[in-house]
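# Coordinate inspection notes
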Amino acid sequence: MGKSTGFLQYGRAENPHRPVQARIKDFEELYETQSETTRKEQAARCMNCGVPFCQSAIELKGMVTGCPLHNLIPEWNDEIYQGNIAYALNRLLKTNPFPEFTGRVCPALCEKACINGLDGEPVCVHDNEKFIIESAFEQGLMKPRKPAVRSGKRVAVIGAGPSGLALADALNQRGHLVCVLEREEEAGGLLMYGIPNMKLDKRVIQRRVELMKEEGVTFEMNTSVGRDVSFDQLKERYDAIAVCAGAKKPRPVAGFEDDIHGVAYAVDFLSATTRRLQAGAPLPDLRECHVVIVGGGDTGNDCCATAIRLGCTKITQLE
Ligand code: SF4
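As the structure is a prediction and not an experimental result, all values here were calculated from the model.

Rules and cut-offs
- Residues numbered from 1 in each chain as written.
- Predicted model: local features only at pLDDT ≥ 70, side-chain atom pairs only at ≥ 80, totals over all residues.
- Heavy atoms only, no water.
- Patch = residues over 30% accessible without salt bridge, like charges linked within 9 Å, V, L, I, M, F, W, Y side chains within 5 Å.
- Areas by Shrake-Rupley, 256 points an atom, 1.4 Å probe, with all protein chains shown as cover.
- Salt bridge = Lys/Arg side-chain N within 4 Å of Asp/Glu carboxyl O.
- Helix = DSSP H or I, 4+ residues; strand = E, 2+ residues; numbered from the N terminus.
- Expected span 1.5 Å × (residues − 1).
- Buried < 20%, exposed > 50% of the residue type's maximum accessible area, 1.4 Å probe, protein only.
- Near = heavy atom within 4 Å.
- 1 Å grid on protein atoms, 1.4 Å probe; cavity = no way out; pocket = protein on both sides within 12 Å on 5 of 7 lines; lining within 4 Å.
- Sits in = over half its atoms within 2 Å of the grid points.
- Nonpolar A, V, L, I, M, F, W, Y, C, P; charged D, E, K, R; others polar.
- Points joined across faces, edges and corners; volume = space filled by probe spheres on them.
- Right-handed = clockwise from strand over helix to strand, strands pointing away.
- Axes fitted to C-alpha atoms, helices over the stretch in contact; angles between N-to-C directions.
- Parallel < 35°, antiparallel > 145°, perpendicular 65-115°, else oblique.
- Left-handed = near helix turned anticlockwise from the far one by under 90°.
- Contact = heavy atoms within 4.5 Å.
- Domains from an automatic or database assignment.
- Buried area = accessible area lost by both parts, 1.4 Å probe.
- Phe/Tyr/Trp six-rings, centres within 6.5 Å; stacked < 30°, edge-to-face > 60°.
- Lys NZ or Arg CZ within 6 Å of the ring centre and 35° of its normal.

Below, the discussion takes up a nonpolar patch on the surface. Together, Val253, Phe256, Ile260, Val263, Val292, Val294 and Leu318 make up a nonpolar patch on the protein surface, roughly 560 Å² of accessible area in all. Topologically, Val294 is positioned in strand 7 (residues 290-294).

What follows is the structure, given as structure tokens:
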């Protein structure tokens, strides 16, 4: 605990959003960064609780509160306050393979469990995490970690979404030779094609994939298992196969047929927009459109934010 009175002295200050009128005109990231001084103050709000519920991932009535990764939150909050980014990074990477993703798009169950929130506002754990990993990349601390010894075992990972990437990273660090097979053009799965660019810039994913390649993971893109390569062929080539294929099938709404003009499933709509952005192609044009969004969760809100950026005149969201 860097500063014993930090939680009394400083209020919560989240990373500010870019001004509305600027951010709705583009797909650039939503958040602005804060000064190092502000970040240290935010880290100083952490009380280094005797029982840090933020990192405990306790199940209450079938739901989890606290970080499911058991991130060592009070430890790295202290290191931020002390200005030790390298130490903070070391503690962060103990439990989290990709903090640059979770620091942007995780719903921050840690903050819901933070004891500071009992009588005030929780520590900005989410923003602190992003600060550590982005500072580490900026300062050249994120160097390829190549395993000292290779096991000689070959593993195929089917799917380059979040679970496939995390598994490939873990297996590679244990010395196995990992090849990730992905049917899409780019790795990332829902990170790449489901979450809009303003919440997770696609360069962040590409930066991580390049690092994994330097660490020895190979990627075969545009390769669909069952179409381009059979499961039996994989069994001949690899010692083990992990299926991390995701869940692509949408849940239909009763009464809406798939082919009604103007009706689209959320992920199809979001991924079509991202694909065009990535390719530099013209974006879908929603000017003159009144858009109705069914669902008000994260995905529904991503559709809302995307439709606004595509110029729609009106949105009705049903929840
Ligand atoms: S619960 Fe909140 S105040 Fe306590 S250690 Fe975790 S982040 Fe810090």
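So, next bit.
It is worth spelling out helix 13 (residues 266-279) at this point. With 14 residues, helix 13 should cover 20 Å at 1.5 Å per step; its first-to-last C-alpha distance of 20 Å lies within 8% of that length. Within the span of helix 13, buried status applies to Phe269, Leu270, Ser271, Thr273 and Thr274. One or two residues past the end of helix 13 sits Gly280, with phi positive at roughly 70°.

A side chain of one charge can pair with a side chain of the opposite charge if their charged atoms are brought near each other. Applying the stated criterion across every chain, the model contains 19 salt bridges. One salt bridge connects Arg275 with Glu184, and the closest N-O pair in it is separated by 2.9 Å. In this pair, Arg275 is assigned in helix 13 and Glu184 in the loop between strand 4 (177-181) and helix 10 (190-193), connecting sequence segments 91 residues apart. Of the residues examined, Arg275 reaches a relative accessible area of 33% and is grouped as partly exposed.

Let's shift gears to the site of the ligand. Near the ligand the following residues occur: Cys46, Met47, Asn48, Cys49, Pro52, Cys54, Ile73, Pro74, Asn77, Cys114, Ile115 and Val123. Taking a 2 Å distance to the grid points as the criterion, the majority of the atoms of the ligand fall inside the largest cavity. Of the residues assigned to the shell around the ligand, the class counts are 10 nonpolar, 2 polar and no charged.

Where empty space is left becomes clear once a probe the size of a water molecule has been rolled over the atoms. Counting across every chain of the model gives 3 cavities of 30 Å³ or more. Quantified by volume, the largest cavity comes out at close to 100 Å³. Forming the boundary of the largest cavity are 15 residues, of which Cys46, Cys49, Cys54, Cys114 and Ile115 lie nearest the centre. Per-element accounting of the lining of the largest cavity gives the leading share, 3 residues, to helix 4 (residues 73-82). Here the second largest cavity is characterised by a volume of approximately 50 Å³. Within the residue set of the lining of the second largest cavity, elements represented by two or more residues are helix 3 (36-44) and helix 4. Examining the composition of the lining of the second largest cavity, we find that 4 residues originate from one element, helix 4, more than from any other. For the lining of the second largest cavity, a count of residues per class yields 6 nonpolar, 3 polar and 2 charged.

With that out of the way, let us pick up the pairing of strand 7. Two faces make up the sheet, and in a regular strand the side chains alternate between them. Across the two faces of strand 7 the burial differs, with Val291 and Ile293 buried and His290, Val292 and Val294 not buried at all. As for the winding sense of the linkage, the β-α-β connection from strand 7 through helix 14 (residues 298-309) to strand 8 (residues 314-318) is right-handed.

The subject of this paragraph is the packing of helix 4 against helix 5 (residues 85-95). Contact geometry of helix 4 with helix 5 gives a least axis separation of 8 Å together with a crossing angle of 165°. The pairing of helix 4 with helix 5 is recorded here as roughly antiparallel in orientation. Handedness of the crossing formed by helix 4 with helix 5: left-handed. Residues Glu75, Trp76, Glu79 and Ile80 of helix 4 form the contact with helix 5, whose own contacting residues are Tyr87, Ala88, Arg91 and Leu92.

So, on to the domain arrangement of the chain. Segmentation of the chain into domains returns domain 1 (6-138), domain 2 (154-243) and domain 3 (266-318). One C-alpha centre belongs to domain 2, the other to domain 3, and the line joining them spans 27 Å. Contact with domain 2, which involves 13 residues of that partner, is made by 12 residues of domain 3. Together domain 2 and domain 3 conceal approximately 930 Å² of surface at their shared face, both sides included; 54% is due to carbon and sulfur atoms. Where domain 2 touches domain 3, the interface holds 2 salt bridges.

This part takes up the layout of surface pockets. There is about 370 Å³ of room inside the second largest pocket. What lines the second largest pocket is a set of 20 residues, and nearest its centre among them are Thr33, Phe131, Glu134, Ser135 and Glu138. Contributing elements (two or more residues each) for the lining of the second largest pocket: helix 3, helix 8 (125-138) and helix 11 (202-214). It is helix 8 that provides the largest number of residues to the lining of the second largest pocket, a total of 6 residues. Here the residues of the lining of the second largest pocket are counted per class, giving 4 nonpolar, 6 polar and 10 charged. Composition of the lining of the second largest pocket by domain shows at least three residues from each of domain 1 (6-138) and domain 2 (154-243).

With 14 residues, helix 8 should cover 20 Å at 1.5 Å per step; its first-to-last C-alpha distance of 20 Å lies within 8% of that length. Gly140 sits one or two positions beyond helix 8 and adopts a positive phi of about 70°.

Considering all chains together, one arrives at 1 aromatic pair under this definition. Summarising the aromatic geometry, the rings of Phe98 and Phe101 are spaced 5.3 Å apart at their centres and angled 50° between planes, so their arrangement reads as tilted. Residues Phe98 and Phe101 agree in their burial class; the two are buried. Sitting over the face of the ring of Phe137, Arg207 holds its NZ or CZ atom 3.6 Å from the ring centroid.

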